[in-house]
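Coordinates in review
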Amino acid sequence: MEPYRIKVVEPIPMTTREQRESALARVHYNLFDLRADEVTIDLLTDSGTGALSAAQLAAAMTGDESYAGSRSYHRFHEAVQELTGYPHILPVHQGRAAERILFSTLLEPGQITLSNTHFDTTRANVELNGCQAQDLPCPQAQDLDSDEPFKGNVDLARLRAALEGPDASRIALVIMTLTNNGGGGQPVSMENLAQAAALCRANDVPLILDAARFAENAWLVTQHEPAYKHHSPRQVAEEAFRLADGCLMSAKKDGIVHIGGFLALNDGALAERCELLLIATEGFPTYGGLAGRDLDMIVQGLSEVTDPAYLQSRADAAGHLAHLSRAAGISILEPPGLHALYLNAGRLLPHIRPHHYPGHALACQLYLEGGIRSVELGSLYLGAEDADGNPSITAPYELLRLAIPRRTYTQSHLNYIGDVLEKVARNADRIPGYRIIEQAPMLRHFRSKLEPVTP
Ligand code: F0G
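In this report, the structure presented in the accompanying data block is examined. (Residues numbered from 1 in each chain as written. Predicted model: local features only at pLDDT ≥ 70, side-chain atom pairs only at ≥ 80, totals over all residues. Heavy atoms only, no water.)

Left-over empty space is what a probe sized like a water molecule reveals as it rolls over the atoms. The space that makes up the largest pocket amounts to roughly 1300 Å³. Residue lining of the largest pocket: 37 residues in total, with Val8, Gly50, Ala51, Arg407 and Thr408 positioned closest to the centre. At the level of secondary structure, the elements contributing two or more residues to the lining of the largest pocket comprise β1 (41–42) and α2 (54–61). Of all the elements, α2 adds the most residues to the lining of the largest pocket, at three residues. Across the lining of the largest pocket, the residue classes tally to 20 nonpolar, nine polar and eight charged. Inspection of the lining of the largest pocket shows a minimum of three residues originating in each of domain 1 (17–39 + 307–452) and domain 2 (54–304). For the second largest pocket, the lining is made up of 38 residues, of which Arg123, Asp135, Tyr381, Leu382 and Pro396 are closest to its centre. For the lining of the second largest pocket, the secondary-structure elements that each account for two or more residues are α5 (120–128), α15 (379–382), β12 (384–385) and α17 (444–447). Counting residues per element, the lining of the second largest pocket draws most heavily on α5, which supplies four residues. Here the residues of the lining of the second largest pocket sort into 19 nonpolar, eleven polar and eight charged. Counting only domains with at least three residues in the lining of the second largest pocket, you end up with domain 1 (17–39 + 307–452) and domain 2 (54–304). (1 Å grid on protein atoms, 1.4 Å probe; cavity = no way out; pocket = protein on both sides within 12 Å on 5 of 7 lines; lining within 4 Å. Points joined across faces, edges and corners; volume = space filled by probe spheres on them. Helix = DSSP H or I, 4+ residues; strand = E, 2+ residues; numbered from the N terminus. Nonpolar A, V, L, I, M, F, W, Y, C, P; charged D, E, K, R; others polar. Domains from an automatic or database assignment.)

As structure tokens, this is what we get:
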């Protein structure tokens with residue numbers, strides 16, 4: 001059962017099939033453009049969508065809104081430093097602001113960043129600085145059905161080859177994403193992280209953690225990495241941060257807040273340069289685009305997020321939803337992580353070709369059937385077509401992500417999702433594909449307009 005009870009509630013919008021059909025047509029089959037009050041269960045993201053605790057709300061009331069040097073900032077600095085060990089800590093309004101500030105300061109055009117998998121905004125911020133983002137996921141990540149516990153690992157052989165190869169001088173940094181969101185929410189083992197850190201150190205390349213889901217990664221390490229069986233998630237997290245030279249953090253995930261993040265670094269000279277950009281574009285370094293009360297809520301969230309009972313219930317929720325999905329006949333990317341379930345839409349909808357977007361087709365169907373909002377991770381997100389509309393890049397897998405907001409939905413909500421999955425799977429062969437009628441030059445999945453393809 002959930003290790004909390006509910007003190008504040010928010011009604012869930014209930015809609016009819018007709019309302020959903022007309023809403024979806026109105027937004028040109030782009031679920032990002034729905035109004036929230038047209039969505040019954042919102043699994044679009046686990047980012048900034050969690051429920052605050054009573055203790056976080058109490059902490060918010062102690063927020064000090066001084067422009068400079070607030071008490072909130074000092075509490076925040078102390079808490080983040082204790083967790084991560086990094087001395088230089090810059091608050092930002094969310095993760096991608098940390099990416100922008102670090103990359104615009106550190107990267108020179110033409111350089112390369114390496115990662116187990118860059119998240120989409122991370123890649124976009126690398127590319128906006130004229131650089132190339134290369135993903136080096138481990139070979140085990142290619143088998144969606146195996147239950148290998150650490151499919152989020154970086155491929156150490158390819159990392160070594162890159163760091164010691166002909167382009168070595170262009171490699172600016174290595175980013176390890178914990179857990180690997182772009183790679184199915186799979187965790188990184190401490191052994192893999194330590195070896196990646198050793199390679200970076202030997203080649204004098206900084207290692208930065210994208211720590212958005214550091215606590216969920218740490219929990220999975222305690223469950224599946226024998227050497228850490230007797231560690232607490234907090235101990236694992238502290239050790240993980242200390243293997244790297246700094247971190248980018250979206251506190252909207254494992255800070256359990258609605259807004260916030262930070263950039264934390266060992267390198268004082270680099271932090272000083274980042275700070276100038278922070279002042280120009282986010283805010284004074286003691287608030288960085290946040291209110292004092294936000295900083296205090298992050299402090300409290302960071303202390304709650306490594307609670308083993310909380311993390312266990314997160315794993316139980318993902319495990320339950322995984323069970324419901326398999327029972328409905330929908331394969332998932334195995335094993336389920338903690339923050340989301342990735343449905344194998346390509347396998348469920350073999351009649352829809354990749355460039356008619358099986359994952360997106362399934363997303364639209366979950367919305368039409370049950371008012372559930374989710375997001376595609378397939379050829380709409382990762383693919384491309386040439387000027388004549390012929391496929392030029394196809395995603396390796398056609399997935400649909402059901403993200404699980406923190407402390408927000410109960411087991412009966414999950415059971416409702418299971419019922420909808422079952423109904424959708426029963427009529428899977430009748431689900432239509434989609435074609436893009438309008439798209440943006442980058443991050444197209446956010447802004448595309450689509451229409452159903454009639455057979
Ligand atoms: N890194 C990872 C691994 C993420 O998952 C995200 C956001 C970011 C960085 C950017 O952080 O949103 O605070 O600017 N992921 C959300 C998602 C949006 O739905 O997965 P942000």
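Below, the discussion takes up the packing of helix α8 (residues 214–224) against helix α12 (residues 308–327). With their axes 10 Å apart at the nearest point, α8 and α12 run at an angle of 85 degrees to one another. As the angle between them shows, α8 and α12 are arranged roughly perpendicular. Of the residues in α12, those in contact with Ala215, Glu216 and Trp219 of α8 are Pro308, Leu311, Gln312, Arg314 and Ala315. Broken down by class, the residue content of the contact of α8 with α12 amounts to five nonpolar, one polar and two charged. (Axes fitted to C-alpha atoms, helices over the stretch in contact; angles between N-to-C directions. Parallel < 35°, antiparallel > 145°, perpendicular 65-115°, else oblique. Contact = heavy atoms within 4.5 Å.)

For the rest of this paragraph, the subject is the site of the ligand. Around the ligand, the surrounding shell holds 16 residues, and the nearest of these are Thr45, Arg96, Asp210, Ser250 and Lys253. In the environment of the ligand, an oxygen atom lies 2.7 Å from a nitrogen or oxygen atom belonging to the side chain of threonine 45. Arginine 213 has a polar side-chain atom sitting 2.9 Å from an oxygen atom of the ligand. Contact with the protein chains covers 93% of the free accessible surface of the ligand, which is 470 Å². By residue number, the principal contributor to the shell around the ligand is helix α4 (residues 95–106), which donates three residues. (Near = heavy atom within 4 Å. Polar contact = N/O pair within 3.5 Å; in protein donor to acceptor, adjacent residues only side chain to side chain. Areas by Shrake-Rupley, 256 points an atom, 1.4 Å probe, with all protein chains shown as cover.)

Quick look at the side chain of asparagine 153 now. Relative to the assigned elements, asparagine 153 resides in the loop between β4 (132–135) and α6 (156–164). Since its relative accessible area comes to 12%, asparagine 153 is described here as buried. Here serine 189 takes part through its backbone nitrogen, which lies 2.9 Å from a polar atom of the side chain of asparagine 153. Look past the residues within four positions of asparagine 153 in its chain and what remains in contact with it is Asn116, Leu136, Pro137, Cys138, Pro187, Val188, Ser189 and Asn192. (Buried < 20%, exposed > 50% of the residue type's maximum accessible area, 1.4 Å probe, protein only.)

Attention now goes to the pattern of salt bridges. As enumerated under the stated definition, the model contains 26 salt bridges in all. Across the pair glutamate 334 and arginine 326 runs a salt bridge whose closest N-O atoms are separated by 2.6 Å. A residue is classified by how much of its surface remains accessible, and glutamate 334, at 13% relative accessible area, is buried. Judged by relative accessible area, arginine 326 falls into the partly exposed class, the value being 40%. Notably, a salt bridge pairs glutamate 438 with lysine 449, separated by 3.7 Å at the nearest N-O pair. One end of the pair, glutamate 438, is in strand β15 (residues 434–438); the other, lysine 449, is in strand β16 (residues 449–452), with eleven residues separating them in the sequence. For glutamate 438, a relative accessible area of 47% translates into the label partly exposed. Judged by relative accessible area, lysine 449 falls into the partly exposed class, the value being 27%. Put simply, Asp46, Arg213, Glu216, Asp254, Arg314 and Arg406 are held in one network by salt bridges that share partners. (Salt bridge = Lys/Arg side-chain N within 4 Å of Asp/Glu carboxyl O.)

What follows is about the side chain of serine 325. When you line up the elements, serine 325 lands in helix α12. Judged by relative accessible area, which is 0%, serine 325 ranks as buried. If we ignore the near neighbours within four places in the chain, the residues touching serine 325 are Ile330, Ile332, Leu341, Leu343 and Leu421.

Moving on, we come to the sheet that holds strand β8 (residues 261–265). The sheet built from seven strands is open, its strands ordered β2-β8-β7-β6-β5-β3-β4 with mixed pairing. Taken across any chain shown, the strands that pair with only one partner, and hence form the sheet edges, are β2 (88–92) and β4. Taken over all neighbouring pairs, the strand axes of this sheet differ in orientation by 20 degrees on average, direction set aside. Pairing of strand β3 (residues 112–115) with strand β5 (residues 171–177) involves four bridges; the strand directions are parallel. Opposite threonine 113, over in β5, you have leucine 173 as the bridge partner. Packing of helix α3 (residues 71–84) onto the sheet brings it into contact with β2, β7 (246–250) and β8, and relative to β2 it is tilted by some 120 degrees. Against the sheet, helix α7 (residues 190–202) touches β5 and β6 (207–210), its axis set at about 145 degrees to β6. (Pairing = 2+ DSSP bridges.)

Okay, the sheet that holds strand β11 (residues 375–377) next. An order of β9-β14-β11 is seen for the three strands of this open sheet, with the pairing classed as antiparallel. A single partner strand is all that each edge strand has here, and the edge strands are β9 (340–344) and β11. The mean inter-strand angle of the sheet, taken between neighbouring strand axes irrespective of direction, is 35 degrees. Two strands pair when backbone bridges link them, and β11 and strand β14 (residues 399–403) are joined in this way by three bridges, in the antiparallel orientation. For glutamate 376, the partnering residue across the bridge sits in β14 and is leucine 400.

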